[in-house]
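Okay, here's what each chain looks like letter by letter:
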Amino acid sequence: MKKYFSLVLFAHSIFALPFALIGFFLGVTTTSNPFNWLLLVLVLLCMVFARNAAMAFNRYLDRNIDAKNPRTQMRDIPAGKISANEALIFVIINCVLFIITTAFINSLCLYLSPVALFVVLFYSYTKRFTALCHMVLGLGLSLAPIGAYIAVTGVFNIVPVLYSFAVLFWVSGFDIIYALQDEDFDRNEKLHSIPAAIGIKNALNLSIVLHVFSALCVILPVMFTTFSWVYYVGVAFFCFMLIYQHLLVKPNDISKVNKAFATTNGFASVIFAICFLIDAFLRTNFNF
């Protein structure tokens, strides 16, 4: 189990999982649908299975590329910790479990499950033909809030869609920052990424633009739903962390990329989600 957790970098679930909880409790607190522990567990399982499949498939598909890149040579498959066949079997098992789990939620989730799997698996191919691969990764993670909301309500709504766009722009922006490390390698291997296509400085500027859009998307829900001051604290913290990561990484110094990528964004999603949940609890139980 430990080696498979290493394969899929389970700790990186910290990015999308908090937004899945936001989507779930948005569906519970703003509609007539009651809270259901079993449904929450099913939603969390869907998150785990989809992410396991996506990350393991990425490692499987990129195993030869990872073996060439000094930064990734020690990943599990190139290092021989897990075989390519073991990784592929792990992907298939998680895909099947994901579809089965959606069947226990509602029919819309079941019907959309192949679409969700296509998006999260297709990302792994995109760096071979388009620099927009970062946007596809963002799209995959952006399914978390709207998917969780649909699990509760069985319908679409503008507010969870806004949170999905927030995730799309946020993840795309920080994935561009993460890809700065491989600018030369990607260019030499004819792989596509924003830094390889337009250079580090322009890539950072584009990342800033994407993060501005992400900030707007966590602000816009206040036009459609009533929030207390706690939510605004969460928004302020999320926006501050977006700014902070751009202060850490500069065109002439990318040594703090990992801190900007993992630590900063991890805190951003967790604290924002906690503020959202506290806000929802106070408004629901105390008319706060």
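## Remarks on the overall build of the protein chain
Thinking step 1. The helix and strand tally for the protein chain stands at 12 helices and 0 strands.
Thinking step 2. Its helices and strands in sequence order give the protein chain the pattern α-α-α-α-α-α-α-α-α-α-α-α, from N to C terminus.
Thinking step 3. The C-alpha atoms of the protein chain give a radius of gyration of 19 Å, which matches the 19 Å a tight globule of 288 residues would have.
Thinking step 4. Along the three orthogonal principal directions, the C-alpha set of the protein chain runs to about 55 × 40 × 30 Å.
Thinking step 5. Expressed as a percentage of its 288 residues, the buried residues of the protein chain come to 53%.
Thinking step 6. Here the contacts in the protein chain between residues at least 6 apart in sequence split such that 73% fall between residues at least 24 apart.
Thinking step 7. Here the protein chain has roughly 13,400 Å² of accessible surface; of this, 71% comes from carbon and sulfur atoms.

## Here we look at helix α7 (residues 133-153)
Thinking step 1. Taking 1.5 Å as the rise per residue, α7 with 21 residues should run 30 Å; its terminal C-alpha atoms sit 31 Å apart, in good agreement.
Thinking step 2. Of all the bends in α7, the greatest, near 30°, is centred on P145.
Thinking step 3. Here α7 lies mainly inside the structure; 16 of its 21 residues are buried.
Thinking step 4. Of the residues flanking the end of α7, it is G154, one or two places downstream, whose phi is positive at about 80°.

## A closer look at the packing of helix α3 (residues 37-61) against helix α5 (residues 84-103)
Thinking step 1. In the contact formed by α3 and α5, the axes pass within 8 Å of each other and the chain directions differ by 155°. On the basis of the axis angle, α3 is roughly antiparallel to α5. Between α3 and α5 lies a crossing of left-handed hand. On α5, the residues that touch L42, L45, C46, V48, F49, A50, N52, A53, A56, F57 and Y60 of α3 are A84, A87, L88, F90, V91, N94, C95, L97, F98, T101 and T102.

## Side note on the pattern of salt bridges
Thinking step 1. Evaluated as defined, the whole model comprises 8 salt bridges.
Thinking step 2. As a salt-bridge pair, D66 and R75 come within 3.2 Å of each other at their nearest N and O atoms. Grouping residues by exposure puts D66 and R75 together as buried.
Thinking step 3. In this structure, K68 and E189 form a salt bridge, with 3.6 Å as the shortest nitrogen-oxygen distance. Of this pair, K68 sits in helix α4 (residues 63-68) while E189 sits in the loop between α9 (183-188) and α10 (194-219); the two residues are 121 residues apart in sequence, bridging distant segments of the chain.
Thinking step 4. We classify E189 as partly exposed; its relative accessible area is 35%.
Thinking step 5. Each of D62, K127 and R128 takes part in salt bridges that share partners, so that together they form one network.

## Topic: the environment of N106
Thinking step 1. Counting through the fold element by element, N106 comes out in the loop between α5 and α6 (107-126).
Thinking step 2. Counting along the chain gives 44 residues from N106 to I150, while the straight-line C-alpha distance between them is 8.6 Å.
Thinking step 3. Filtering out sequence-adjacent residues up to four positions away, N106 remains in contact with I150, A151 and G154.
Thinking step 4. Reaching out from N106, the side chain makes a polar contact with the backbone nitrogen of C109 at a distance of 2.8 Å.
Thinking step 5. Looking at N106, its side chain comes within polar contact range of the main-chain oxygen of I150, at 3.0 Å.

## What to know about a nonpolar patch on the surface
Thinking step 1. A cluster of nonpolar side chains, contributed by I158, I198, L206, I208, V209, V212, F213, L216, I219, L220, M223 and F224, occupies part of the molecular surface with about 1,000 Å² of accessible area.
Thinking step 2. It is α10 that contributes the most residues to the nonpolar patch, 8 residues altogether.
Thinking step 3. With respect to the helices and strands, the residue I208 is situated in helix α10.
Thinking step 4. Looking at I208, the relative accessible area reads 38%, which means it is partly exposed.

## Some thoughts on the side chain of S124
Thinking step 1. Mapping S124 onto the fold places it in helix α6.
Thinking step 2. Classification of S124 as buried rests on a relative accessible area of 0%.
Thinking step 3. Side chain to side chain, S124 and N58 meet in a polar contact 3.3 Å long.

## Thoughts on α3
Thinking step 1. Counted at 1.5 Å a residue, the expected span for α3 with its 25 residues is 36 Å, and the 36 Å between its end C-alpha atoms agrees.
Thinking step 2. Burial runs high along α3: 19 of the 25 residues are buried.
Thinking step 3. Backbone nitrogen of L38 and a side-chain oxygen of the N-cap are separated by 2.8 Å at the start of α3; the cap is N36.

## Focus: the packing of aromatic side chains
Thinking step 1. In the structure shown here, the tally under the stated rule is 29 aromatic pairs.
Thinking step 2. Between F227 and Y231, the ring centres sit 3.9 Å apart and the planes meet at 15°, which makes this aromatic pair stacked. The same class applies to F227 and to Y231, which are both buried.
Thinking step 3. A cation over an aromatic ring shows up here: R63 above the ring of Y60, its NZ or CZ 4.4 Å from the ring centre.

About the thresholds
- Residues numbered from 1 in each chain as written.
- Predicted model: local features only at pLDDT ≥ 70, side-chain atom pairs only at ≥ 80, totals over all residues.
- Heavy atoms only, no water.
- Helix = DSSP H or I, 4+ residues; strand = E, 2+ residues; numbered from the N terminus.
- Rg over C-alpha atoms; globule rule 2.2 N^0.38 Å.
- Buried < 20%, exposed > 50% of the residue type's maximum accessible area, 1.4 Å probe, protein only.
- Contact = heavy atoms within 4.5 Å.
- Areas by Shrake-Rupley, 256 points an atom, 1.4 Å probe, with all protein chains shown as cover.
- Expected span 1.5 Å × (residues − 1).
- Bend = angle between axes of the 7 residues up to and from the residue.
- Axes fitted to C-alpha atoms, helices over the stretch in contact; angles between N-to-C directions.
- Parallel < 35°, antiparallel > 145°, perpendicular 65-115°, else oblique.
- Left-handed = near helix turned anticlockwise from the far one by under 90°.
- Salt bridge = Lys/Arg side-chain N within 4 Å of Asp/Glu carboxyl O.
- Polar contact = N/O pair within 3.5 Å; in protein donor to acceptor, adjacent residues only side chain to side chain.
- Patch = residues over 30% accessible without salt bridge, like charges linked within 9 Å, V, L, I, M, F, W, Y side chains within 5 Å.
- Phe/Tyr/Trp six-rings, centres within 6.5 Å; stacked < 30°, edge-to-face > 60°.
- Lys NZ or Arg CZ within 6 Å of the ring centre and 35° of its normal.

Geometry only, nothing functional implied.
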